[in-house]
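A closer look at the structure
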Amino acid sequence: MTGRNDLSQPGEPGFLRGLSGKVLVMTILFVMLGEILIFLPSIASFRIQWLKGRIAQAEIAALAAEAAPDSILSPDLRTEILKGAGVLVVSLTRGETRKLMLRSETDHMIDASYDLREVSWPTAVADAFAVMLEPRDRVIGVTDKPPNMSGDMIEVALFEKPLREAMIRFGLNILLLSVVLSVIVAGLVYLALNIVLIRPMKRLTRNMMTFAQDPEDRSRIIVPSNRKDEIGIAERELHDMQSDLAAMLQQKSRLAALGLAVAKVSHDLRNMLSSAHVISDRLAMAQDPTVKRFAPKLIISLDRAISFLTATLKFGRADEPPPMRERLLLNDVAEEVIDTAVLQASTRIVLFNHVPPGLEVDADREHLNRVLTNLLRNAIQAVEQQGDEQDGRVTISAWREGAVAMIEVRDNGPGIPERVRPKLFEAFQSAAKPGGVGLGLAIAAELIRAHGGEIRLHATGPEGTAFHVVVPDAVVELRPGRRGARNRA
Ligand SMILES: Nc1ncnc2c1ncn2[C@@H]1O[C@H](COP(=O)(O)OP(=O)(O)OP(=O)(O)O)[C@@H](O)[C@H]1O
Ligand SMILES: [Mg+2]
């Protein structure tokens, strides 16, 4: 099997590549090896016992022949006796004399001879294999001590074929037994290992994979079992590690949120304080009657900065506090915003307030002020970037479309660079000019989204840019059941 098993889960190895398969294959191999180690001596000993059996029979046959009257046997009887003993020739040696006891009619050449009186194990094993691998039907001579003590040495000659056949039968039996045994043993070992080792390992692996998909999800942390062994230790270690990691990640996202909040605070604080700064510059000329005009604005600006900071710190997170909506005269708000912005713009930029005097917007005054300030600041910066050849114009106009107030901020600047357009409203993604952070539009869009509206880039190009701020009126909840409810109460 090469590729991954399609049925298995992604990330899990196929059966033969996984631990289970490896353990199964290894157990079968090792049991087989054990069987082979047992097989070698047993086949050698089988051969020796078989030959000794023949020798014992031959000795009895020889003694029987000797006991016959005058030691003379009829040829038929002799053949019968030799056949019964399974040998061709038997001779006995007593002291110095060697006596041929029985021999068959035909003559046979002895192909190999063996002495069973002193056999070492390696030779016995080698001889046994020689028998099984021998293609010819040999005649072998075998020497041994007579088992019935009828003399000092007995020698027989016999055909090897019956021995080979018996050995092959024995070998096949052992092979069959080995296969059955190895399947049983391998199955048992596999089962045991599976329960003790592989299943817990799989649980660990699966848990690691699911945890890795979402490390912040505390419900994915492993629940350690009560095992005392290495797996138990691994589970507990993993549990601790995952807990630490999850805690760390949560801490990190909290810090990231806090970082974003701080960036936003300092961003808009900069806008507010820069206006306060400009105004206080003017206040320095105390004799000037304009003090009367600017002093209240300074106070309002600073007030706004303070309440903004207080609100952000109170919420302590990246989200803006929910808008406190009221019906505002948009013309007033636009006037306020332009009044502050004009102090920061160069003299060749003219700011127009084209908002119809009676037009109302249902919005948070503070938020709307910040939104328009950001749009106006961007417009002024864009126009100023352009150089001196053209007078800059920035216009705020507005109209209503049913329950929706549409506000337009239009300039005659160079347009928004192509590359920042796709991520215009994403924090830190769109800064294209020196000193820009890329937060202004992101904040403005978020504030308007909280009103259920949106900021759209309406048009941009060499003739200028227009943003539309869409602010729908808040939905008034009608309560038709109120009177009935009071009656029931
Ligand atoms: N009216 C406009 N004309 C041309 N380019 C604009 C205009 N408004 C926005 N841009 C471009 O979009 C970018 C993103 O504006 P955004 O207000 O989000 O960030 P910023 O002005 O760069 O930084 P800051 O956070 O100080 O406002 C600007 O850098 C500018 O290149
Ligand atoms: Mg900006």
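Whatever comes next refers back to the structure up there.
The paragraphs below set out a description of the structure included in this document. (Residues numbered from 1 in each chain as written. Chains lettered and ligands numbered in written order. Predicted model: local features only at pLDDT ≥ 70, side-chain atom pairs only at ≥ 80, totals over all residues.)

Here we come to the overall build of the protein chain. From N to C terminus, the protein chain includes 10 helices and 12 strands. Residue pairs in contact within the protein chain that sit at least 24 positions apart in sequence constitute 69% of those at least 6 positions apart. (Helix = DSSP H or I, 4+ residues; strand = E, 2+ residues; numbered from the N terminus. Contact = placed C-beta atoms within 7 Å.)

Further remarks concern the pairing of strand E4 (residues 139–144). Side chains Ile-140, Val-142 and Asp-144 of E4 all project onto a buried face; the interleaved residues Val-139, Gly-141 and Thr-143 project onto a face where none is buried. In the sheet, strand E3 (residues 112–115) pairs with E4 via 4 bridges, with the strands oriented parallel. When the sheet's bridge partners are listed, Ser-113 is paired in E4 with Gly-141. For the handedness criterion, the β-α-β arrangement of E3, helix H3 (residues 121–133) and E4 is classed as right-handed. Strand direction decides the pairing type here: E4 and strand E5 (residues 153–159), joined by 6 bridges, are antiparallel. Directly across from Thr-143, in E5, lies its bridge partner Glu-155. (Buried ≥ 20, exposed ≤ 12 C-beta atoms within 10 Å, placed from the backbone. Pairing = 2+ DSSP bridges. Right-handed = clockwise from strand over helix to strand, strands pointing away.)

What follows covers the packing of H3 against helix H4 (residues 161–213). In the contact formed by H3 and H4, the axes pass within 9 Å of each other and the chain directions differ by 100 degrees. In this view, H3 runs roughly perpendicular relative to H4, as classed from their interaxial angle. In this structure, H3 uses Ala-128, Val-131 and Met-132 to contact H4, whose residues at the interface are Leu-163, Arg-164, Met-167 and Ile-168. Among the residues forming the contact of H3 with H4, the class breakdown is 6 nonpolar, no polar and 1 charged. (Axes fitted to C-alpha atoms, helices over the stretch in contact; angles between N-to-C directions. Parallel < 35°, antiparallel > 145°, perpendicular 65-115°, else oblique. Nonpolar A, V, L, I, M, F, W, Y, C, P; charged D, E, K, R; others polar.)

Paired through backbone hydrogen bonds, the strands of a sheet run either parallel or antiparallel to each other. Sheet architecture is open: 5 strands sit in the order E7-E9-E10-E12-E11, paired in mixed fashion. Of all the strands in the sheet, just strand E7 (349–354) and strand E11 (454–461) have a single pairing partner and so form its edges. The average angle at which neighbouring strand axes cross in this sheet is 15 degrees, direction not considered. The sheet contact formed by E11 and strand E12 (residues 464–472) spans 7 bridges and is antiparallel. When the sheet's bridge partners are listed, Thr-460 is paired in E12 with Thr-465. This element, helix H7 (residues 330–344), spans E7, strand E9 (392–401) and strand E10 (404–411) of the sheet and lies at about 170 degrees to E7.

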